Each structure stands twice: as C-alpha cells, then as structure tokens.
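# Geometric and topological summary
Residue strings, one per chain:
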Amino acid sequence: MKCCKFLILLFLSALLLPEYTKGQQSISVDDYPLIGAQVFIEPGQTEEETEGWFRTMRDNGMSVCRIRMFESYMRKPGGWDFSLFDRAFRLAEKYDIKIIGTFFPLTEKTDIGGWKFPESRAQLNSFAEYIKQMTTHFKQFKSLYAWVLINEPGGGLKDNEFSRQMRKEWNRQYPQPEYLENGYPVLVDLQDKRFMNYMTTWMLNWIASEVRKHDKNIHLHVNNHAIFSNIAEYNFPEWRRFLNSLGGSAHASWHFTLFPREEYSLAMSADCELLLSGAGNLPWFMTELQGGNNTYSGGRAMCPTKEEITQWLWIVMGTEGKGGIFWSLNPRASGIESGEWALLDFQHQPTDRVTAVAEVGNCLKRHKPLFSEAKKLDPGISIVYIRESLWTETVVSQGTPAAQDGRAMCMTNMLGYFKALSERGITPNLKAFEEYDFSRPDYTGQTIILAHQIAVPLSYVPLLESFVRKGGKLIVDGMTGFYDGDVHNQMLTGFSLKNLFGGCISEFKRIDTPCLYRLKGYEQPVPGYGWKGLIRPDKGAETLSRGGELSLASRFAFGKGEVVWVPGLLGSGAWQGDGAPLAGWVCRECNTDRLPYSFQTYHRDVLMKLSETKEAYMAVVVNKSGTLQTIALKTDGKKRPSEVLFADKGGVVNGDILTVHPEETLVVCWKK
C-alpha cells in the first residue's frame, strides 16, 4: 500500500506542476548573449586561486559561470557545511559573475557525470532534501542566476527498485496490446524506448517541482548531451512546461564522433539547430562547450584550437543562442579527468583559447542590440526526424551485424541533407515531428524533408496529408514509411502513405555501388547509397526517374501541394561523397532563389548561418576547407550596404563576394 501511495504522489507531482516558464526569468529570448565557463570547485583549492579564476573571467569578458554543486563536499555527519561553495558565490559577486548552479547529488567518487535516476525511494527522498538545502541556502546570494536540474540527462535508467515500481505503474497506464486492430501480432514493441522517453521527462519534471517548493522564481535550465545518439530520448516540447531555457553539452571529442574533425563546425551547427527547434518559444544557450585538452577521456583525444573556439561560439550565436559556457575554466585536480578540458593552463594563466573567447565577447558587446534581437532566418526547409524511426532502427538491428556495418543510416542520411544544404550557404531547420507546427492554414513555400524515416506512426499520416493539401512540399527519401509505429512492415500490412505519395513500393533492392538518379528537369545525376526502391505509381503520378518498367522517383500532386518521392538514400550520397548534386537539386525543388543570401555554388566544408533583425541581415560564415574561399553570393536581387563585424583572419566582403581564409570565421551585416 505504501508503494502504491508513493507512486500516486509521484505521478500527481508531474501532472500538477505549474507552468512557471510564464513567470519571472533571468534569461529571455531578447537578451544579450553571455559567455562564460565552468569554475570547478573542489576541496584543497585556496581562496587566492578561486579569486584568481573569477578575476580572469571578468578581465576576459566572461560574465557567467557554472558551478557543479557537489553534495559529497557539503553533506557532513549531522549537518551541512556550505563554506567551500559560499566562498565561490561571494567571489562571484565581487567580480560581477552570474552563477548557474548544477544539482549534483551524492554519488560514487568515481562517477564523473552523476546519476540520472535514483535507485530507490530512499535515494529520491535524499535528493529532495539536497534540493531543499541548495535552493534555500544559496538563494541569499545575488550571484545565483539559475539552476541546472541535473547534469546531462540521457541514459542511466537501471533495473532497480525504483525503476521497477515506475515501470509497473506505467504499464498499467500504457499497456501494449498483443494484436493490432488489423489483426497483426505485436512481436517487437518499442515499450522500453517509450518508457525511457517518459522517465527522462518525468525525472526532470520532478526535480523542477521540488525546486519550486522553495523558490518560485529562479530560472530552471537543463543540458542534454550526445544529441546525435540520445535525441530520441528527449521530448523537448514536454520539457518546455517546466523549464525556463533549454541547453546542451556539445563536446567535440565526446559528441561529434560521427563527423571528421574538419566537420566539427557542421556538427555544432546541427546540434544548435536541434536545440533551437526543441526550445520552441523558450531561449536556449549552450551549457557546455569543450574548452581544452582531453587526454584519456573523450572519444577522440584533441585540444580545440583558438579558431575552433571562435567558430563554435559564433555558430551558437548564429543560431539564436543566448550564450555559451565552456567546460571548463580551470581543470579539476582530483580523480578521473583531472588536468583536462580547461581554458587556463596549469599556472592558471589564460591560453590563446581565452583570448579567442574575449575577442568574440568584445564584438558582441560592440553590437549589443543586433545580437540581442537577431533571430534565425527561416529558409522554409525543415528536415524532420521521427523518433520511432530511430527507435525502430535500434531495435531491429540490435545484436545483428547491421548494428555495426553501416546499415543503421537514419541519422547520417538526415545529416547528409543538412550538410549538403549548409555547404550551399543554407541552414535548414532540424525538427522532431512533434516540434513542427502543423496548425497553420497555409504552407505555400514550405518544405518538409523526410530523409529515410523508416517508421511513420499511423497517427502522423493525417498531419502530413494536411501539410501537403495546404500547399506544402514533401520530399521523401529512402525507406521512409517502411514500418508503422509498432514495427510492422507497411509494405505488407497496408501502406498508409499510398494516397499521399501516389503509389507504393514494389521492393527495395540492396545496392553495393551508388545509384545515380537522373531526375527529370535536373541535369546532374544525384547519387543514392544503400538501397534502391522501385515505385508502382498510381494514376496521376509523374515519373521523375525510371528503372525499367517501374519508377525510381516520382512527383505527385496532392491538394495545393505535392510529394516528391525518391526511395533511395540521397542523403547518404551527400554524407559519404559529394553533396553538390543533392544540394543543387533540393535548391531547385525548394526555390531558394527567394532567400536574401546563399552561395551561388557549392563550397565544401564551408557553411553560412543567416539571421535577421527588423533592420538587418547577419551571416556567420565558417571556412573549414583548408584553402582560401572566394564565395559569390546568390541574392534576391536587392543591393544592401554591408559591414564586416568580425573577421579573425582579415576576411572581407566586396559587393556580393566574400573572401574567407582557411579556419576563419567571418561575420557580416547587411542593412535592410
């Protein structure tokens, strides 16, 4: 009975949590971006050392810091000792540094990331007491700016007393039927994935509710991590109910291992786009950026260059980010990761990376109104991912060679489109299906790309039909719709997208060499990898590319809009090889000539992120190609006066021509 009451109380706390995001906020979407770093506090440090860190931050234009609030250093037998952290908060006030505190409840000494879920009810209750102590004690300091609910949620749900209790109740709320309505049995289900998604949201919601018992107004934030592998676990629209801002960790050496190093800026751009979409109407900022060398930690050993530090910061700012915080200012001295990640050297002196941070901060300060108001220019192109696709791919390939041999391509195929368009100077939106606004009355000029989204829940079909019927364009790639949302093969159970796509698939053929798609109206062949689908088109569908008697690609009018269907992995063609053919074809299909600025031609390993205010356009251009780039801009035909706001290697703008040096970041403003 006690267990049942406990679970009921837990669920009520989640359901009844007020929407505090409408209350007072420390960070808003119209704020001036802030730059800072993690100050790592641990026993053994002197007051002189700690004060030096805050002084260095102030002297180099860093105005916000993050502090991990180790319960293990504060909870003592019979009480609490806050003195180590009180000193840091007082010194932050002295140097006018805002502190974002991260809850870090008691854990093993070797646990560098912290636990994500409690093992028992007793541990949950202990966490609640810790939250009470943190929020009631540290609210006295003016330097307290926000709380991070828990460090890097994602994964970490183990089989223990707590998870078994929660799963038992969740199963009662969301039972999995043995058969679908059409009579097919459920042999593989996604319940474990759905439960994990639910629990991540539930845990964050519970922490937020505990904070609100003691502080109604403090800003609440959280930093997801490893977004390219954990994204299907995050339900950002639900998080908006209890957060004031969204954040993330973007450590190149840990989180960007899908990409070669010359594409780390592209990875940062994609990471930022996922966070921008996830935040919705909330502000977002990058909670952790890699600040220094990693030796034995990280997926790859590396030390960011000063140019990479500059590139990453500007990419954050060019995606509406309200700031960036580096992990970390000073290195920890004890345990795993000791001596790693820092912006400062071992004598606590600034490195060239600190100088790079200061130069970006000075530019932001000089143009404060512009960077406060800038919003990403929406190109009208959204690459939409479906979490059931990522779940299904994991489930059906788990324990098989497909998990390791390159057949798991949902993420990289999607990123191939992002890469191709970015290298034409266009940054498409990256959105979860539930983050897309399907409520608008008209979608003329809007494009959704479903790139190898192998599982499409039946409930999503009417939303896609409404989007196209109202004038939207749907570009469909790969094996999109191969499964429904319950891992049934729709090619056999009934293709729910047949009426919308204007046909069905005869079969998919595995191909070991690229298929070159010669698409009607486009001269350059576009390569597709992995699989080739053969379409049996319905009456009214136009064949864009033929493979014998069947179609390799089709165009189908539906209402005011249309569906362009290429059941080959074009995104993977761009990911593994040359993205120019795909970029050119998508630009043609989406009529990107209407955009104020993009690239005339394809520039490999160069990207541009375009923002706007009421009075200006702003471009952040990053050149990772290794050679000097002379970039002719495609414009909407209007002549506008330009100004270079930032160029760390002397880049210039001359009319509609940009000159950008290797590893340079160029920031340009055009007055409307």
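Preceding this section is the structure that the text describes.
## Looking at the nonpolar core
Grouped together as the largest cluster of nonpolar side chains are 209 residues, with contacts concentrated most on Phe54, Phe138 and Trp585. Per-element accounting of this core gives the leading share, eleven residues, to helix α6 (residues 191-212). Once residues within four sequence positions are removed from consideration, Phe138 is found in contact with Met69, Met74, Phe82, Phe85, Asp86, Phe89, Leu144 and Trp147. Grouped together as the second largest cluster of nonpolar side chains are 17 residues, Tyr597, Met608, Val621 and Trp670 included.

## So, the environment of Ile27
One can find Ile27 in the loop between α1 (2-15) and β1 (34-38). A relative accessible area of 6% means that Ile27 is categorised as buried. Between the C-alpha atom of Ile27 and that of Leu329, which follows or precedes it by 302 residues, the distance is 22 Å. Look past the residues within four positions of Ile27 in its chain and what remains in contact with it is Tyr145, His219, Pro283, Phe285 and Lys322.

## Some points on the sheet that holds strand β27 (residues 642-647)
Two strands in a sheet stick together by hydrogen bonds in their backbones, pointing the same way (parallel) or opposite ways (antiparallel). One open sheet holds the five strands; their spatial order is β11-β24-β25-β30-β27, and the pairing between them is antiparallel. If you trace the sheet from one side to the other, it starts and ends with β11 (375-376) and β27, each paired once. Two strands pair when backbone bridges link them, and strand β24 (residues 606-612) and strand β25 (residues 616-623) are joined in this way by seven bridges, in the antiparallel orientation. Within β25, the residue paired with Ser611 across the bridge is Met618. In the packing of helix α10 (residues 264-279) onto the sheet, the strands contacted are β11, β24 and β25, and the crossing angle to β24 comes to about 30 degrees.

## Brief notes about the pairing of strand β12 (residues 381-385)
Where burial is concerned, most of β12 is hidden: five out of the five residues are buried. Along β12, one buried face is formed by Ile381, Ile383 and Tyr385 and the opposite face, lined by Ser382 and Val384, is buried too. Where β12 and strand β14 (residues 447-451) come together, three bridges link them in parallel fashion. Paired with Ile381 across the strands is Thr447, a residue of β14. Pairing of β12 with strand β13 (residues 429-432) involves four bridges; the strand directions are parallel. The residue bridging Tyr385 from the neighbouring strand is Ala432, located in β13.

## Re empty space enclosed by the protein
Counted under the stated rule, the structure contains seven cavities of 30 Å³ or more. Estimates place the volume of the largest cavity at around 100 Å³. Leu377, Gly425, Ile426, Thr427 and Leu610 are the residues nearest the centre of the largest cavity, which is lined by 13 residues in total. For the lining of the largest cavity, the element with the most residues is β24, which contributes three residues. Looking at the lining of the largest cavity, its residues break down into seven nonpolar, three polar and three charged.

## Some points on the pattern of salt bridges
Following the criterion strictly, the structure yields 34 salt bridges and no others. Salt-bridge contacts for Lys672 lead to Glu612; the nearest nitrogen and oxygen are separated by 2.8 Å. Of the two residues, Lys672 is situated in the segment after β30 (665-671) and Glu612 in strand β24; the sequence distance between them amounts to 60 residues. Classification of Lys672 by relative accessible area gives partly exposed; the value is 46%. One continuous salt-bridge network, built from bridges that share partners, spans Lys473, Lys520, Glu542, Arg555, Glu562, Arg588 and Glu589.

## Brief notes about the packing of helix α2 (residues 47-59) against helix α3 (residues 83-94)
Close contact between α2 and α3 brings their axes to 9 Å; oriented N to C, the two are set at 40 degrees. It follows that α2 is oblique to α3 by the angle criterion. Pair α2 / α3 crosses with right-handed handedness. Contacts between α2 and α3 involve Glu47, Thr50, Glu51 and Phe54 from the former and Arg87, Ala88, Leu91, Ala92 and Lys94 from the latter. For the contact of α2 with α3, a count of residues per class yields four nonpolar, one polar and four charged.

## Some points on the sheet that holds strand β5 (residues 98-104)
The strand order around the closed barrel formed by eight strands is β1-β2-β5-β6-β7-β8-β9-β10, and the pairing between neighbours is parallel. Ignoring which end each strand starts from, the neighbouring axes of this sheet average 25 degrees apart. Looking at chain direction, strand β2 (residues 64-70) and β5 are connected through seven bridges and run parallel. Note that in β5 the partner of Val64 across the bridge is Lys98. Lying on the sheet, helix α4 (residues 121-138) is in contact with β2, β5 and β6 (144-151); it crosses β5 at an angle near 165 degrees.

## Remarks on the side chain of Ser249
Along the chain, Ser249 falls in strand β8 (residues 245-250). Here Ser249 falls in the buried class, since its relative accessible area comes to 1%. Apart from the residues within four sequence positions on either side, Ser249 is in contact with Glu152, Asn223, Asn224, His225, Ala226, His255, Asp271, Met286 and Glu288.

## Here we look at the pairing of strand β20 (residues 550-558)
A large share of β20 lies buried, amounting to eight of its nine residues. Here strand β19 (residues 542-547) folds back onto β20 in antiparallel fashion, the turn holding two residues, of which Gly548 has a positive phi close to 70 degrees. With five bridges joining them, β20 and strand β21 (residues 561-566) adopt antiparallel strand pairing. Looking across to β21, one finds that Ser554 is bridged to Trp565.

## Quick look at the packing of aromatic side chains
A complete count under the given rule lists 41 aromatic pairs for this structure. Grouped by ring-pair contacts, the aromatic residues Trp80, Phe82, Phe89, Phe103, Trp115, Phe127, Tyr130, Phe138, Phe141, Trp147 and Trp206 constitute a single cluster. In this arrangement the basic side chain of Lys98 is found over the ring face of Tyr145, its NZ or CZ atom lying 5.7 Å from the centre. For Arg510, the ring lying beneath its charged end belongs to Trp531, and the centroid distance is 4.7 Å.

Definitions and cut-offs
Residues numbered from 1 in each chain as written. Predicted model: local features only at pLDDT ≥ 70, side-chain atom pairs only at ≥ 80, totals over all residues. Heavy atoms only, no water. Core = buried A, V, L, I, M, F, W, Y, C linked by side-chain atoms within 4.5 Å. Buried < 20%, exposed > 50% of the residue type's maximum accessible area, 1.4 Å probe, protein only. Helix = DSSP H or I, 4+ residues; strand = E, 2+ residues; numbered from the N terminus. Contact = heavy atoms within 4.5 Å. Pairing = 2+ DSSP bridges. Axes fitted to C-alpha atoms, helices over the stretch in contact; angles between N-to-C directions. 1 Å grid on protein atoms, 1.4 Å probe; cavity = no way out; pocket = protein on both sides within 12 Å on 5 of 7 lines; lining within 4 Å. Points joined across faces, edges and corners; volume = space filled by probe spheres on them. Nonpolar A, V, L, I, M, F, W, Y, C, P; charged D, E, K, R; others polar. Salt bridge = Lys/Arg side-chain N within 4 Å of Asp/Glu carboxyl O. Parallel < 35°, antiparallel > 145°, perpendicular 65-115°, else oblique. Left-handed = near helix turned anticlockwise from the far one by under 90°. Phe/Tyr/Trp six-rings, centres within 6.5 Å; stacked < 30°, edge-to-face > 60°. Lys NZ or Arg CZ within 6 Å of the ring centre and 35° of its normal.

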